[in-house]
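Understanding the architecture of this molecule
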Amino acid sequence: MGIFRKNQYRKKYSPTADGSDRKEFRAAANASVKGAGGSQAGNAGSGHEKSLHSESYLQTVWRRFKHHHLATVSLVILAVITIAALLAPVIAPYDPTAIVGGFSQPPSWEFWLGTDQIGRDMLSRLLYATRISLLVGVMATLISTVIGVILGLIAGYFGGIADMVIMRFTDMVMSFPYILLVLVAAAIFKPGLWNIILILGFVDWPGVARLVRSNVLNLRETNFIKGNIVAGMPLRHILFSEILPNTAAPILVYATSVLALSILDEAALSFLGQGVQPPTPSLGNMLNGAQSLTVLTSKPWLWIPPGLLIVVIVMSINFIGDALRDALDPNGGN
């Protein structure tokens, strides 16, 4: 009986069978291949979904961040610039305040970026100036963020008179023209590195405070916050362990814009002589010599490197901030 079935099968699907039988055989074969391929694709899709569900929050943020190619390149560029600035005492060829060459020498093998008006090496000064400008930007951002977060938490959580007083003071500070307020503060206090850091830090906080307040007002009405209140959790725990972590993402994104703005403000104030004072180099006071038309037209090595570096740093920070905004968005796609 088994031999008869085999012969019948061979006859039905043999090459000498009619065209309809061959078509039926091919259709059956194709269906089996498609079924296998579909099952493999289904397994691959389910494996991909499992990998997405198993990844941590930071892995998700990094995966989304990498989709922004400009931000990835900007992160590499900013990392290189930061490392070069931190290693300035090691890689700088000369002392940034020492007179080592002739006045306003053009770039050469001895001085790669030339010398300034009194014979100091431009490359060495540029490395040290980047350290100062990044320090001003980071410290001013840190101060303004801490002040804004504390005031925003108080105003948003307690409400009432505290909210009204803090927000009216915030509106008053924001009503002044920003650059005018900075210039007046810089003129009142003695120009210097730490004075400019404190001025920028105490001027940039209103935006952070309003952002934090708006988020706290929404989080205050959620069930998990009400549950903590009913459970008798201490106020410190509710503010800094429950509310603040859920507000960290927008704060981080906003801090990137404050960082870029602080670097630009330092450059503007130092350019006008109200910021970091010589002989301490900064990207702003290195541009100070560009006020002369002769320097602008005939000595471009004095102003193009620091000006170009400011543009690159600020654009890199802005691209990174845009990517972080999308990567930290809880409603963002996979």
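Placed above this text is the structure.
First things first, this report covers the structure right here in the doc.

Cut-offs used in this document
Residues numbered from 1 in each chain as written. Predicted model: local features only at pLDDT ≥ 70, side-chain atom pairs only at ≥ 80, totals over all residues. Heavy atoms only, no water. Core = buried A, V, L, I, M, F, W, Y, C linked by side-chain atoms within 4.5 Å. Buried < 20%, exposed > 50% of the residue type's maximum accessible area, 1.4 Å probe, protein only. Helix = DSSP H or I, 4+ residues; strand = E, 2+ residues; numbered from the N terminus. Contact = heavy atoms within 4.5 Å. Patch = residues over 30% accessible without salt bridge, like charges linked within 9 Å, V, L, I, M, F, W, Y side chains within 5 Å. Areas by Shrake-Rupley, 256 points an atom, 1.4 Å probe, with all protein chains shown as cover. Salt bridge = Lys/Arg side-chain N within 4 Å of Asp/Glu carboxyl O. Axes fitted to C-alpha atoms, helices over the stretch in contact; angles between N-to-C directions. Parallel < 35°, antiparallel > 145°, perpendicular 65-115°, else oblique. Left-handed = near helix turned anticlockwise from the far one by under 90°. Nonpolar A, V, L, I, M, F, W, Y, C, P; charged D, E, K, R; others polar. Expected span 1.5 Å × (residues − 1). Arc of directions from axis to C-beta.

Points about the nonpolar core
Formed by 31 residues in total, the largest nonpolar core has its most connected members in Phe65, Ile263, Leu283, Ile313 and Ile317. Those elements giving two or more residues to this core turn out to be helix H3 (57-66), helix H4 (69-86), helix H6 (122-158), helix H13 (248-271), helix H14 (283-286) and helix H16 (304-327). The dominant element in this core, judged by the number of residues it contributes, is H16, at nine residues. Once residues within four sequence positions are removed from consideration, isoleucine 313 is found in contact with Leu78, Ile81, Thr130, Leu134, Ile263 and Leu283.

Remarks on a nonpolar patch on the surface
Taken together, Leu142, Val146, Ile150, Ile154, Phe158 and Leu235 make up a surface patch of nonpolar side chains, about 500 Å² in accessible area. Counting residues per element, the nonpolar patch draws most heavily on H6, at five residues. Its place among the elements puts leucine 142 in helix H6.

Side note on the side chain of serine 104
Its location among the elements puts serine 104 in the loop between helix H5 (88-91) and H6. The class for serine 104 is buried, based on a relative accessible area of 11%.

Examining the side chain of aspartate 163
Inspection of the secondary structure assignment puts aspartate 163 in helix H7 (residues 160-175). When its relative accessible area of 13% is taken as the criterion, aspartate 163 is described as buried. Not counting chain neighbours up to four residues away, the residues in contact with aspartate 163 comprise Ala155 and Arg213.

Digging into unusual backbone geometry
The omega torsion of the bond from proline 278 to proline 279 falls at 5°, within 30 degrees of zero and hence cis. Looking at where proline 279 falls in the secondary structure, it is placed in the loop between H13 and H14. Residues other than glycine seldom take positive phi values, yet serine 104 does so here, at roughly 50°.

Side note on the environment of leucine 181
The topology assignment puts leucine 181 in helix H8 (residues 178-188). When the C-alpha positions of leucine 181 and valine 203 are compared, they lie 8.0 Å apart, and in sequence the two are 22 residues distant.

Focus on the packing of H3 against H16
Running from N to C, H3 and H16 cross one another at 130°; their axes reach a closest spacing of 8 Å. Taken together, the axis directions place H3 and H16 in an arrangement best described as oblique. Two packed elements cross with a definite hand, and for H3 against H16 that hand is right-handed. Packed against H3, whose contacting residues are Val61, Arg64 and Phe65, the element H16 presents Ile320, Ala323, Leu324, Asp326 and Ala327 at the interface. For the contact of H3 with H16, the class distribution of residues is six nonpolar, no polar and two charged.

Overview of H7
With 16 residues, H7 should cover 22 Å at 1.5 Å per step; its first-to-last C-alpha distance of 22 Å lies within 8% of that length. Those residues of H7 not exposed but buried are Asp163, Ile166, Met167, Thr170 and Val173. All buried residues of H7 lie within an arc of 120° about the axis, which places them on one face of the element. Exposed positions of H7 whose direction lies more than 90 degrees from the buried face are Ile161 and Ser175. Structurally, H7 contributes buried residues whose contacts are with H6, H8 and helix H10 (205-219).

Remember, this is a structural readout, not a statement about activity or role.
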